[in-house]
Amino acid sequence: MRLLLVAVLFLPRQDPKVEVVAIVGARILTISKGDLARGVILIKNGKITEVAPDAKIPDGATVIDAKGLVAMPGLINPYSRITGGTGGTSQGSNPQVLAYDDLNPAADILKQLPRTGYTAIALYPTAGVTSGQAVAIKPIGSSREAMVVLKSCYLRFNMEATT
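Caption draft 1: The arrangement of the pairing of strand S8 (residues 118-123) in detail. Judged by how many residues are buried, S8 sits mostly within the fold: five of six residues are covered. Sheet analysis places strand S7 (residues 75-80) next to S8, joined by four bridges and oriented parallel. When the bridges of S8 are listed, Ile76 appears paired with Ala120. Inspection of the sheet shows S8 paired to strand S9 (residues 130-137) by three bridges, in the antiparallel sense. Residue pairing across strands places Leu123 opposite Val135, the latter belonging to S9. Connecting S8 to the antiparallel partner S9 that follows it, the hairpin turn spans six residues, and Gly128 within it adopts a positive phi of roughly 90 degrees.

Pasting the structure below:
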């Protein structure tokens, strides 16, 4: 079975003009509407606006024929350390440490994530009780700036179960 992952984060954005993309004919697996044997996904300016078996496609929309493919929501991993690095000292408190500083856009693992369904991840620093601030990224792009959604998305605390 071939998969078509709907990755809204990856669609180009254009400002003044409304850009509409219609993905048609795919089997669509949804979270709230069950499975649609065949349907239409309408995307306006990079955001999904409608998912339905018979959505009206506006004039001028870019139409993607997805017959024989399966569309499903992308996966988000909010707690990952896949790119390695330590981020700070091994003891104590390091709230000033930013995982952003450790982010390597050229890491091979980041290129594999979209192919496996991940459209966003949060990477966190690992050292210390207060290990630092995680970064939320889209796993595409050739620079940190192109990948980052939120430079500081949460502060990570590392506590033992007996604490």
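Picking up after the structure, the text goes on.
Caption draft 2: Highlighting the sheet that holds S7. As summarised here, the arrangement of the four strands in space is S7-S8-S9-S10, forming an open sheet in which the pairing is mixed. In the strand order of this sheet, the two ends are held by S7 and strand S10 (148-157), each with one partner. Across the sheet, the mean angle separating the axes of adjacent strands is 20 degrees when strand polarity is ignored. Pairing of S9 with S10 involves six bridges; the strand directions are antiparallel. Counterpart to Ala136 in the pairing with S10 is Leu150.

Caption draft 3: View of the environment of Lys44. Inspection of the secondary structure assignment puts Lys44 in strand S3 (residues 35-44). Spatially, the C-alpha atom of Lys44 lies 6.7 Å from that of Val18, the residues being 26 residues apart in sequence. Apart from the residues lying within four places of it in its own chain, the contact partners of Lys44 are Glu19, Val20 and Thr49.

Caption draft 4: Up close: a nonpolar patch on the surface. The grouping of Val129, Leu155, Phe157 and Met159 at the surface amounts to a nonpolar patch, some 390 Å² of accessible area in total. The residue Leu155 is located in strand S10 in this model.

Caption draft 5: Highlighting the side chain of Arg156. One can find Arg156 in strand S10. Classification of Arg156 by relative accessible area gives buried; the value is 9%. Among the polar contacts listed, one links the side chain of Arg156 to the side chain of Tyr79, at a separation of 2.8 Å. Contacts of Arg156, omitting those with residues within four sequence positions, involve Tyr79, Tyr124, Pro125, Thr126, Val129, Thr130, Ser131 and Gly132.

About the criteria used
- Residues numbered from 1 in each chain as written.
- Predicted model: local features only at pLDDT ≥ 70, side-chain atom pairs only at ≥ 80, totals over all residues.
- Heavy atoms only, no water.
- Buried < 20%, exposed > 50% of the residue type's maximum accessible area, 1.4 Å probe, protein only.
- Helix = DSSP H or I, 4+ residues; strand = E, 2+ residues; numbered from the N terminus.
- Pairing = 2+ DSSP bridges.
- Axes fitted to C-alpha atoms, helices over the stretch in contact; angles between N-to-C directions.
- Contact = heavy atoms within 4.5 Å.
- Patch = residues over 30% accessible without salt bridge, like charges linked within 9 Å, V, L, I, M, F, W, Y side chains within 5 Å.
- Areas by Shrake-Rupley, 256 points an atom, 1.4 Å probe, with all protein chains shown as cover.
- Salt bridge = Lys/Arg side-chain N within 4 Å of Asp/Glu carboxyl O.
- Polar contact = N/O pair within 3.5 Å; in protein donor to acceptor, adjacent residues only side chain to side chain.

These figures come from the coordinates and say nothing about function on their own.
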